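The residues making up each chain are set out below.
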Amino acid sequence: MKMSAGVEWALHCCVVLTAARHPVSAARLAELHDVSATYLAKQLQELSRAGFVRSIQGKSGGYVLTRPADEITMLDVVEAVDGPASAFVCTEIRQRGPLATPAEGCTTPCPIARAMGAADSAWRAALGAVTIADLARNVGADSGPEVFDVIRDWLDTPAG
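Residues numbered from 1 in each chain as written. Predicted model: local features only at pLDDT ≥ 70, side-chain atom pairs only at ≥ 80, totals over all residues. Heavy atoms only, no water.

**Q** I'd like a description of the nonpolar core, backed by residues and values.
**A** Ranked by size, the top nonpolar core spans 40 residues in total, and within it L29, L44, L47, V77 and I132 carry the most contacts. When residues of this core are traced back to their parent elements, those giving at least two are α1 (5-19), α2 (26-33), α3 (37-49), β2 (62-65), α4 (74-82), α5 (111-128), α6 (132-143) and α7 (147-156). Of all the elements, α1 adds the most residues to this core, at 10 residues. Setting aside its immediate chain neighbours within four residues, L47 contacts A10, C14, F52, V53, V77, A80 and V81. (Core = buried A, V, L, I, M, F, W, Y, C linked by side-chain atoms within 4.5 Å. Buried < 20%, exposed > 50% of the residue type's maximum accessible area, 1.4 Å probe, protein only. Helix = DSSP H or I, 4+ residues; strand = E, 2+ residues; numbered from the N terminus. Contact = heavy atoms within 4.5 Å.)

Shown next, in the form of structure tokens:
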């Protein structure tokens, strides 16, 4: 399954926003992750359209999560950024070529389409079972509980 880089960036931003004391600008989030501010702003706009972050205008504006981190799943972010479509699209290849199966013989999905559908369902279930809060806990477990204090302090330091 291939996802855009924007999914990774958006997930990292959501985790960072769990630690933020104040709204965080797209430019500041881009600086933190050393990524393109223009491209990241597009991902944040998609998250905003989906209702997971909101932009606060003004001098001290930026992005904030719109709901608790335990109510936003990885699947929510993936679908907000890359869309809800399945990675596999059956083109009914079995109905083509010199030995094509007639349409009336193709009333159910073929074994390949069924297997790919099952894989897609499992992938979505796995992503839907992990919340942004879970990711934040895992970041803390992997990097130490002080990691979010370090992030907060960095975010609170004026850009320069």
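**Q** Lay out α7 with the relevant residues and their values.
**A** All of the buried residues in α7 are V147, F148, I151 and L155. Taken down its axis, α7 places every buried residue within 95 degrees of arc, on the same side. Where α7 is buried, its residues contact α1, α2 and α6. (Arc of directions from axis to C-beta.)

**Q** Outline the packing of aromatic side chains, supporting the account with residue identities and numerical values.
**A** With the rule as written, the count across this model stands at one aromatic pair. Measuring from ring centre to ring centre gives 4.9 Å for W9 and Y39, while their planes differ by 85 degrees; the resulting arrangement is edge-to-face. Taken together, the positions of W9 in helix α1 and Y39 in helix α3 put the pair 30 residues apart, joining distant regions of the chain. (Phe/Tyr/Trp six-rings, centres within 6.5 Å; stacked < 30°, edge-to-face > 60°.)

**Q** If you had to explain the pattern of salt bridges to someone new, which residues and values would you point to?
**A** Per the counting criterion, the structure on display carries nine salt bridges. Of the charged contacts in the structure, one is a salt bridge between E46 and R49, with a shortest N-O distance of 2.9 Å. Taken as a pair, E46 and R49 lie in helix α3 at a separation of three residues, close to a single helical turn. Judged by relative accessible area, which is 26%, E46 ranks as partly exposed. A salt bridge links E79 to R124; the shortest N-O distance between them is 2.8 Å. Of this pair, E79 sits in helix α4 while R124 sits in helix α5, and the two are 45 residues apart along the sequence. With relative accessibility at 27%, the residue E79 sits in the partly exposed group. Three or more residues joined by partner-sharing salt bridges are found here, namely R21, D153 and D156. (Salt bridge = Lys/Arg side-chain N within 4 Å of Asp/Glu carboxyl O.)

**Q** Explain the state of the cysteines to me, using residue names and the numbers behind them.
**A** Per the counting criterion, the structure on display carries zero disulfides. In this structure C13 is not part of a disulfide, and its nearest cysteine sulfur, from C14, lies 7.2 Å away. You can call C13 buried: its relative accessible area is 1%. As a non-bridged cysteine, C110 has C90 as the owner of its nearest cysteine sulfur, 5.2 Å distant. C110 gets classed as buried once you look at its relative accessible area, which sits at 15%. (Disulfide = S-S within 2.5 Å.)

**Q** Describe the packing of α1 against α2, and please don't skip the residues or the numbers.
**A** Across the interface, α1 lies against α2 with an axial gap of 11 Å and an inter-helix angle of 105 degrees. It follows that α1 is roughly perpendicular to α2 by the angle criterion. Contacts between α1 and α2 pair H12, C13, V16 and L17 from the former with L29, L32 and H33 from the latter. Per-class residue counts for the contact of α1 with α2 are five nonpolar, two polar and no charged. (Axes fitted to C-alpha atoms, helices over the stretch in contact; angles between N-to-C directions. Parallel < 35°, antiparallel > 145°, perpendicular 65-115°, else oblique. Nonpolar A, V, L, I, M, F, W, Y, C, P; charged D, E, K, R; others polar.)

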